[in-house]
Amino acid sequence: MAITGIGNYYNNAYKNSYISQKNETTEKSELNKKEEIQQKSSNVSDYSDYLSKKYNCVKNGSVAISGAYLRECANNAEKAKELEQNLSFYNESYQNGYASAKANASAIGAKLVDYSESWSIDSTGNITMIASTTVTSGDDVKGWKELKEEQTKRLENKKIQEKKQEAIKQKRQEQKQIQQMRIEKAKNKNNNGNINLKI
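Residues numbered from 1 in each chain as written. Predicted model: local features only at pLDDT ≥ 70, side-chain atom pairs only at ≥ 80, totals over all residues. Heavy atoms only, no water.

1. Observations concerning the overall build of the protein chain
Scanning the protein chain from terminus to terminus reveals 5 helices and 3 strands. For the protein chain, the α and β elements follow one another from N to C terminus as α-α-β-α-α-β-β-α. Within the protein chain, the proportion of its 199 residues that are buried is 16%. Expressed as a percentage of contacts within the protein chain between residues at least 6 apart in sequence, the contacts between residues at least 24 apart total 52%. About 16,200 Å² of surface is accessible on the protein chain, with carbon and sulfur atoms providing 50% of the total. (Helix = DSSP H or I, 4+ residues; strand = E, 2+ residues; numbered from the N terminus. Buried < 20%, exposed > 50% of the residue type's maximum accessible area, 1.4 Å probe, protein only. Contact = heavy atoms within 4.5 Å. Areas by Shrake-Rupley, 256 points an atom, 1.4 Å probe, with all protein chains shown as cover.)

Shown next as structure tokens:
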């Protein structure tokens with residue numbers, strides 16, 4: 001019995017030391033995970049700060065980037081390169097959109113008052129672009145009603161011109177027919193005269 005008691009003592013001592021080592025390892029592992037998470041979140045925060053400094057569209061909030069995608073880019077150089085290429089295209093996209101909106105407003109006789117463009121980049125890197133324009137017809141710009149009236153007048157004038165052209169075409173055809181009939185009458189007269197002379 002004494003030996004069994006000693007064995008139990010050693011077993012308990014071994015088990016207790018193993019459990020305490022395991023607890024220490026688990027605690028260290030948990031600490032390492034917490035440090036890694038803090039480091040990653042620090043990397044994401046640093047990367048976000050970097051993007052804000054480098055790209056005004058990020059700084060002024062014109063481009064919103066998903067946290068998950070930002071995290072992925074902070075830890076993946078290829079994804080980061082792709083994101084930065086897209087961000088560098090923002091200014092060109094904005095300028096093209098502005099020029100297009102201004103041309104469209106001008107085409108309808110309005111004046112472009114405001115243009116804004118915003119991007120949202122989701123967790124997979126897909127970009128959704130939203131553009132907003134405000135146009136107005138000021139004192140120096142014709143109103144919608146005036147534009148509609150002008151368009152109606154142009155259409156009416158076009159129809160009148162088409163009718164005039166059709167009438168002229170018809171009159172020419174009639175004159176051709178009359179001319180053709182006169183020629184035929186003259187031929188018949190000459191033919192009848194020739195026949196009478198020969199008889």
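2. Examining the packing of aromatic side chains
Inspection of the entire model under this criterion finds 5 aromatic pairs. Put simply, the rings of Y90, Y94, Y98, Y115 and W119 touch in pairs and so form one group of aromatic residues. (Phe/Tyr/Trp six-rings, centres within 6.5 Å; stacked < 30°, edge-to-face > 60°.)

3. As for helix α3 (residues 67-75)
For α3, the full list of buried residues reads Y69, L70 and C73. Here the buried residues of α3 occupy an arc of 100° about the axis, which is enough to place them on one side. The distance from a side-chain oxygen at the start of α3 to the backbone nitrogen of A68 is 3.3 Å, and the residue carrying that oxygen is S66. (Arc of directions from axis to C-beta. Polar contact = N/O pair within 3.5 Å; in protein donor to acceptor, adjacent residues only side chain to side chain.)

4. Observations regarding the side chain of S66
For S66, the position within the fold is in the loop between β1 (63-65) and α3. Assessed through its relative accessible area of 19%, S66 is described here as buried. At a separation of 3.3 Å, a polar atom in the side chain of S66 contacts the main-chain amide nitrogen of A68.

5. Focus on the confidence of the model for the protein chain
Detailed reading of the predicted coordinates is not advisable wherever pLDDT falls low. Here the protein chain shows a mean pLDDT of 78. Residues at 70 or above account for 70%. Counting interchain partners and residues more than four positions distant, the pLDDT-below-50 stretch residues 1-10 has 0 contacts. Here residues 195-199 scores under 50 on pLDDT; set against residues more than four positions off or in separate chains, the count is 0 contacts. (pLDDT = per-residue confidence, 0-100.)

6. A word on the pairing of strand β3 (residues 127-136)
Sheet topology note: the strand β2 (residues 111-121)/β3 ladder contains 10 bridges and is antiparallel. Residue pairing for β3: L112 is matched across the bridge by V135. Two successive antiparallel strands, β2 and β3, enclose a turn made up of 5 residues, where G125 displays a positive phi of approximately 95°. (Pairing = 2+ DSSP bridges.)

7. Examining the side chain of E117
As for its placement among the helices and strands, E117 is situated in strand β2. For the buried E117, no salt bridge is present, and the opposite-charge side chain at shortest range is K102, 15 Å distant. Within the local environment of E117, its side chain forms a polar contact with the side chain of S93, the two groups lying 2.7 Å apart. In contact with E117, other than residues within four places in its own chain, are S62, Y90, S93, Y94, G97, M129, I130 and A131. (Lys, Arg positive; Asp, Glu negative; His and termini not counted. Salt bridge = Lys/Arg side-chain N within 4 Å of Asp/Glu carboxyl O.)

8. With respect to the pattern of salt bridges
Counting across every chain of the model gives 2 salt bridges. Between E84 and K54 there is a salt bridge, and its shortest N-O distance comes to 3.4 Å. With E84 in helix α4 (residues 77-107) and K54 in helix α1 (residues 2-54), the pair connects residues that are 30 residues apart, well separated along the chain. The class of E84 is buried, set by a relative accessible area of 14%. The salt bridge involving E72 is made with K79; its shortest N-O contact spans 4.0 Å. K79 sits in the partly exposed class, given a relative accessible area of 24%.

9. Details of the pairing of β2
In this sheet, β2 lies alongside β1 in parallel orientation, the contact comprising 3 bridges. The partner of A64 across the bridge, within β2, is S120.

10. Things to note about α4
Here α4 is 31 residues long and its end C-alpha atoms lie 45 Å apart, about the 45 Å a rise of 1.5 Å per residue gives. Most pronounced at Y90, the bend in α4 amounts to some 35°. Within α4, burial applies to A80, L83, E84, L87, Y90, S93, G97, A101 and A105. The residue sitting at the N-terminus of α4 and contributing the capping side-chain oxygen is N76; that oxygen lies 3.0 Å from the backbone nitrogen of E78. (Expected span 1.5 Å × (residues − 1). Bend = angle between axes of the 7 residues up to and from the residue.)

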